[in-house]
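What follows is the residue order along each chain.
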Amino acid sequence: MMMVNRPKILGTLQMEVLFKRCDGNLYCIGTIESDHYISVPEYNAPLIFHALSLMNGYRSIAELQARMDRDFERRVDVVKLVDICRREGLLTGCKSIKEPMDEFHTMLTELASFSLTGAQQIFEVVANALPFLIFGMLCIDATAVYFVGTGHVGIPWSEYMANPLIFPVAWAIQVLSILLHEFSHAVVAKRHGLRPKVVTLCVFYYFGLAMYVSTPGIYFKAPRDRLAIWCAGIFSNAFLSAIFIFIQYTCRGIWYLIGTIGMIVNLGIIASNMLPVLYSDGYYVLSTLLKIPNLRKYSIWNLKNISRRSCSRVWAVRLIYGLVVVCVLGAFVLMQITAIGASVMQTVSSGSSWAELIRSHINLLLAPILGIGIRAITWFRRYRYKV
């Protein structure tokens, strides 16, 4: 634990209700400037907010503790509170402190960040027209569902897996689809009075592109508004899937294949974002519906400390969620290994050469190779920068 002698909160401190719960409301305390927050139970919220409001950079830890002891009968451990604020990024002058990366940033390798300051007017124009856009998109989605239900959509899996040209086309479509996904988050956030700040391009683990938009102040909004913002990206990918279904239905040749790739890519983005086992839109939606912040972080902690019994509802939900995450991810990895192994064994048993084996599974190899290469280059550049 590193002590901050005269702590100072970064930005203007705010406090809003995060969740309304039967066992007592949960409050969010933080600043839009830092885009960092802590969740506090209702019975502690006034004390914590008052303690943080006293952290102006002029008072020492001892002075803060004496002031809190004088103002409140219930004792607040200021040393512990300052350390929590430091770790959560709420204090100024603490960015140089080396902290272990959380799981979210471990999953992602950041490639570049772009300011959204110049796009605010575009977001506002689209946000004003949002009701009409949503109506049109729903009509197109409904028509696409009809085409799928009547059997007009097919997927040529053998060509999709073996054609090496599909990989760059799929990545190009993925980039455009993720851009629209994040653009939708930003537009809906703008409609709810927020100001999207930065969009970050990154590699997800070792095999996929990803982006995310930083929207300071989102946790100061009502749960209904947060749900709308997090669901916006999935809705936009459903619309793109419908567009690519129309392309596949009406075109032939290369455009038929592009329609197929676009449909698969966007359905994959929808599935990965709806699955709440990783830090996805679906995870934040589930956490909001359950009214439990940091659901994944503390569920893993519960699994590590399962011997510490507790009969609270929150502890039980986190424990169940942690078990489900482990089982789902384990089953997914096992299914992938089994499917790839069966395909490889079938190719080998047919008497094919290693060259034919690699060529028939080229798209399974290119993605992780490219992802690992990008991560290695990024790590090397960070190492040279530190040295």
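Bear in mind the structure is a predicted one, so any value in this text is a computation, not a measurement. (Residues numbered from 1 in each chain as written. Predicted model: local features only at pLDDT ≥ 70, side-chain atom pairs only at ≥ 80, totals over all residues. Heavy atoms only, no water.)

Caption draft 1: Local environment of the nonpolar core. Counting residues in hydrophobic clusters, the biggest one holds 36 residues, and the most contacted among them are Phe-123, Ile-173, Ile-229, Ile-261 and Val-265. For this core, the secondary structure elements donating two or more residues are helix 5 (120-128), helix 6 (130-149), helix 8 (166-191), strand 6 (208-214), helix 9 (223-250) and helix 10 (254-274). Per-element accounting of this core gives the leading share, 10 residues, to helix 8. Residue contacts for Ile-173: discarding those within four places in its chain leaves Phe-244, Ile-258, Ile-261, Gly-262, Val-265 and Asn-266. Leu-47, Ile-48, Leu-52 and Leu-90 belong to the second-largest nonpolar core, a separate cluster that totals 23 residues. (Core = buried A, V, L, I, M, F, W, Y, C linked by side-chain atoms within 4.5 Å. Buried < 20%, exposed > 50% of the residue type's maximum accessible area, 1.4 Å probe, protein only. Helix = DSSP H or I, 4+ residues; strand = E, 2+ residues; numbered from the N terminus. Contact = heavy atoms within 4.5 Å.)

Caption draft 2: Seen up close, the sheet that holds strand 3 (residues 36-41). Taken in spatial order, the 3 strands make up an open sheet running 1-2-3, and their pairing is antiparallel. Each end of this open sheet is capped by a strand with a single partner; those strands are strand 1 (13-19) and strand 3. The mean inter-strand angle of the sheet, taken between neighbouring strand axes irrespective of direction, is 30°. Across 6 bridges, the pairing between strand 1 and strand 2 (residues 26-31) is antiparallel. Along strand 2, the bridge assignment pairs Leu-13 with Thr-31. (Pairing = 2+ DSSP bridges. Axes fitted to C-alpha atoms, helices over the stretch in contact; angles between N-to-C directions.)

Caption draft 3: Here's a closer look at the packing of helix 9 against helix 10. The geometry of helix 9 relative to helix 10 is characterised by a closest axis approach of 8 Å and an angle of 160° between their N-to-C directions. Overall, the two elements helix 9 and helix 10 adopt an arrangement that is roughly antiparallel. The interaxial crossing formed by helix 9 with helix 10 has left-handed handedness. Class assignment for the residues of the contact of helix 9 with helix 10 results in 14 nonpolar, 8 polar and no charged. (Parallel < 35°, antiparallel > 145°, perpendicular 65-115°, else oblique. Left-handed = near helix turned anticlockwise from the far one by under 90°. Nonpolar A, V, L, I, M, F, W, Y, C, P; charged D, E, K, R; others polar.)

Caption draft 4: Structural detail: the pattern of salt bridges. Enumeration according to the criterion identifies 7 salt bridges in this entry. Measuring nitrogen to oxygen at the nearest pair gives 3.4 Å for the salt bridge that ties Asp-23 to Arg-21. Take Asp-23: its relative accessible area is 58%, and that puts it in the exposed class. Exposure remark for Arg-21: the relative accessible area of 17% places this residue in the buried category. Ionic contacts of the salt-bridge type, sharing partners, join the residues Arg-67, Arg-70 and Asp-71 into one network. (Salt bridge = Lys/Arg side-chain N within 4 Å of Asp/Glu carboxyl O.)

Caption draft 5: Summary view of the pairing of strand 2. Here strand 2 lies mainly inside the structure; 6 of its 6 residues are buried. The antiparallel hairpin formed by strand 1 and strand 2 contains 6 residues in its connecting segment, where Gly-24 sits at a positive phi of about 120°. Sheet topology places strand 2 next to strand 3; 6 bridges connect them, and they run antiparallel. Within strand 3, the position partnered with Tyr-27 by the bridge is Val-40. Where strand 2 folds back onto strand 3 in an antiparallel hairpin, the turn is made up of 4 residues, including Asp-35, whose phi is positive at roughly 55°.

Caption draft 6: Looking closely at the environment of Val-317. Summarising the element assignment, Val-317 is placed in helix 13 (residues 313-349). A residue is classified by how much of its surface remains accessible, and Val-317, at 18% relative accessible area, is buried. As a C-alpha pair, Val-317 and Leu-290 span 27 residues in sequence and 8.5 Å in three-dimensional space. Not counting the four nearest positions on each side in its chain, Val-317 is found in contact with Leu-290, Ile-292 and Leu-295.

Caption draft 7: Molecular detail of the packing of aromatic side chains. Counted under the stated rule, the structure contains 11 aromatic pairs. Ring geometry for Tyr-37 versus Tyr-219: centroids 5.4 Å apart, planes at 65°, classification edge-to-face. Of the two residues, Tyr-37 is situated in strand 3 and Tyr-219 in the loop between strand 6 and helix 9; the sequence distance between them amounts to 182 residues. Given the relative accessible area of 26%, Tyr-219 is considered partly exposed. Relative to Tyr-283, the ring of Tyr-279 lies with its centre 5.1 Å away and its plane at 75°, an arrangement referred to as edge-to-face. In terms of burial, Tyr-279 and Tyr-283 fall into one category: buried. An aromatic cluster of at least three residues, connected via ring pairs, comprises Tyr-37, Tyr-219, Phe-220, Trp-230, Tyr-279, Tyr-283, Tyr-284 and Tyr-321. (Phe/Tyr/Trp six-rings, centres within 6.5 Å; stacked < 30°, edge-to-face > 60°.)

Caption draft 8: Representation of the confidence of the model for the chain. Here the chain shows a mean pLDDT of 82. Residues at 70 or above account for 77%. Residue range residues 96-100 is modelled with pLDDT below 50. Its contacts to residues more than four positions away, or to other chains, number 4 contacts. (pLDDT = per-residue confidence, 0-100.)

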